[in-house]
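# Notes for the structure review
Here is how the chains run, residue by residue.
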Amino acid sequence: MGFELLGLSDATLKAVADAGYTEPTPIQAQAAPQVLMGRDVLGIAQTGTGKTASFTLPMIDILAEGRARARMPRSLILEPTRELAAQVAESFEKYGKNHKLSMALLIGGVNFADQEKALDRGADVLIATPGRLLDHFERGKLLLNGIDILVIDEADRMLDMGFIPDVEKICERITKKHQTLFFSATMPPAIQRLTKKFLDDPKKIEVSRPATAGTNIKQLLIAVGPRDKRKALRQLLRSEDIKNAIIFCNRKRDVKEVYASLGRHEFSVGQLHGDMEQRERMETLRQFKENEIQLLVASDVAARGLDVPDVSHVFNFDVPGHADDYVHRIGRTGRAGRSGTAYTITTKSKIDSKLVDAIQALTKTDLPIDTDFHLERESRPKKAVAKTDGAAEQTQPEPESRTRGKQDHRRDRSTERSPRGDRRWPRDRGDRNLNMAPDDMPKEPFVGMGPHVPAFLLQDPTKKAK
C-alpha cells in the first residue's frame, strides 16, 4: 500500500516522496483517512511508529484552503516537551513545503516578543507546550475560538509531567466545534477519563498493544555493583558496534557526571537535560542528528522529544523510575522497521529489582541478563609526563605549594623522642591514653611536659603534704 491510497493531495504526496518515504506505517495508513473524513481519532501506538506524520499529513491538506487571522490560529497541536514540539514543527516544514501554510511555535526558553509577532501575523498551525500557550492566552495575546483541529500528542507523557490540568483548561477554552486527534502510547485511567470528556465518538486505532516495545529491539540487562556502572558503560561502548547511541539517566546530576566521565575517556559525547538553555539544547540535538557527536547523555526530556531515524543503541545507565519511561526510552532505537539494541544497567539493590519487575510486568517481556558480559580491567588514562634531553620520561614534579603542604602535613604527624629513652610517642598521646586498656598503660608515671615540669605536678597525690 502506497501513500497515494490515503487520499492525500498531489502536492503532499510529492513532499512525502521527496522525503524518501514510499509506504505508510500502520498508524499512518489507518489514521490519515479518518482525519481527512473529519472524525475524532484516538490513536494508541508505541513511540517510533510514525504517528506524527499520521496527523501532520492530513492536516496539511485540510488547512490548505482558508487563511488564519491575527491571534486566531486555525489548528493547535499540544506537545509535552520543547524538543517534541520542535520536531513536529520540522515535520510540517518538510511535508508542507508545497503549501503556503503559516506556522507558529510556542515553547519555553524563547523570547515572548518573537512569538507574539508570529501570532500577530496569523498561524494556520500553532504548535505549543501547555504552559507557554496558557502564558500567551492569559496575556491576551492569543484567542482559541478559531480552532478547527486540536491535536493532543503524547498524552500519557503529559500526565507524567503534570500537564493534564493545563490540557483540560485549554480544551475548555476552545468553544468552537472542532475535530480532536488524541495520541498516546499507553492508556492509564486518567487518560481514559480525558478521552471520554473531550472526544466525540472517536475512531479508535490501536496498531500495537499498549506499553509494548518493538519486537525488532534486542533488550538485555547488565548486572554490576553500584560503583561499577560507569566502568560497565564504557566497556559496552567499546565492545558494541555503535553508530550512535543515547544514554539515559534518571537525574540531571547523573547526566552531567556521566557526560564528564565519558569526555575524560575521550568519547565523542554531548549532554541534554532540563537545566540547559533552549539554544544549547537545540544545538546539541543538531550535532547529534548530523553525527558531529556519537553519544548523547540525556534525561527523560529526550525520551519522547528526539526523532533520529537510525539510532543503533540505547543505554539505560539507570533503570527508569516508571515502567512507561522504559518503553519510550528504548523506542529511540529500532525506528521505522530498523533493528536496535537496548541495554539496561542494573544493580542488586531492592529498588532496581522492583523497577525491573515493573517493566517486565508492563511490557509482558522477560529482560534477560547478558551472561556473556564480564567486567574487564580498565587501563587508567596516563598522567602527563615531561621529557628531558637525552633522558627517559619522568613524571612532572608537583607544584611547590602542593609539596610544601604535604611536607607540613607529615611534619605535623611526626613523632618525637620520649624523655625516658628511645621509645617514641605521638604528640596526641594524651588523648589516646584516655582510650587505652589498663594493661596497656605505662607502669611509670607519664611525663608529658619535658624537663621544665613544675615540681608540684611531680608530687605523688596519694601522699599527704608535710
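Numbers given for residues are sequential positions, taken from 1 along each chain in its written order. With the structure being a predicted model, the display of local features is reserved for residues of pLDDT at least 70 and the display and counting of side-chain atom pairs for 80 or more, all residues being used for whole-chain, interface and lining totals. Just so you know, side-chain values use all the structure's heavy atoms and leave hydrogens and water out.

## Quick word on the overall build of the protein
This is how the line gets drawn: Counting from the N terminus, the helices are DSSP H or I runs at least four residues long and the strands are E runs at least two residues long. Burial here depends on accessible area, computed with a 1.4 Å probe over protein chains only, as a share of the maximum for the residue type. Under 20% is buried, over 50% is exposed, and the range in between is partly exposed. We call two residues in contact when some of their heavy atoms are within 4.5 Å. Surface exposure here means Shrake-Rupley accessible area, sampled with a 1.4 Å probe, where a residue is shielded only by the protein chains that are shown.
Per the secondary structure count, the protein includes 16 helices and 17 strands. Per-residue burial for the protein yields a buried fraction of 46% across its 466 residues. Put simply, 74% of the contacts in the protein that link residues at least 6 apart link residues at least 24 apart. Summed over all atoms, the accessible surface of the protein reaches about 25,400 Å², with 48% contributed by carbon and sulfur.

## Section: the side chain of Ser75
Here Ser75 lies in strand S2 (residues 75-78). Discounting residues that sit within four places of it in the chain, Ser75 has contacts with Met59, Leu63, Asp124, Val125, Leu126, Ile147 and Ile149.

## Notes on the pairing of strand S13 (residues 340-346)
So the rule is basically this: The pairing criterion is simple: DSSP has to find at least two bridges between the two strands.
Most of S13 is tucked away, with 7 of its 7 residues classed as buried. Bridge count for strand S8 (residues 217-223) against S13 is 7 bridges, and the pairing is parallel. Note on S13: the bridge partner recorded for Gln219 is Ala342. Pairing analysis gives 4 bridges linking strand S12 (residues 313-316) to S13, with the strands arranged parallel. In the sheet register, His313 faces S13, and the bridge partner there is Thr341.

## Overview of the confidence of the model for the protein
A low pLDDT score tells you not to read the predicted coordinates there in detail. This is how it is decided: Confidence of the predictor at the level of single residues is captured by pLDDT, which takes values from 0 to 100.
Predicted confidence across the protein gives a mean pLDDT of 83, with 78% of residues reaching 70 or more. Mean pLDDT across the secondary structure elements of the protein bottoms out at strand S14 (residues 385-386), with 42, and peaks at S2, with 98. Ignoring residues within four places in sequence, the model shows residues 383-440, a span with pLDDT below 50, making 37 contacts including any to other chains.

## Comments concerning the packing of aromatic side chains
The condition is simple: The criterion for an aromatic pair is that two Phe, Tyr or Trp rings (for Trp, the six-membered ring) have centres within 6.5 Å, with stacked assigned to planes under 30 degrees apart, edge-to-face to planes over 60 apart and tilted to the rest.
With the rule as written, the count across this model stands at 2 aromatic pairs. Relative to Phe183, the ring of Phe55 has its centre 5.4 Å away and its plane inclined at 40 degrees; by these criteria the two rings are tilted. In this pair, Phe55 is assigned in helix H3 (residues 51-63) and Phe183 in strand S6 (residues 179-184), connecting sequence segments 128 residues apart. Assessed through its relative accessible area of 0%, Phe55 is described here as buried. Considering the side-chain rings of Phe315 and Tyr343, the 5.8 Å spacing of their centres and the 5 degrees angle between planes classify their relative orientation as stacked. Of this pair, Phe315 sits in strand S12 while Tyr343 is found in strand S13, placing the two residues 28 residues apart along the sequence. The pair Phe315 / Tyr343 is uniform in exposure class, with both members buried.

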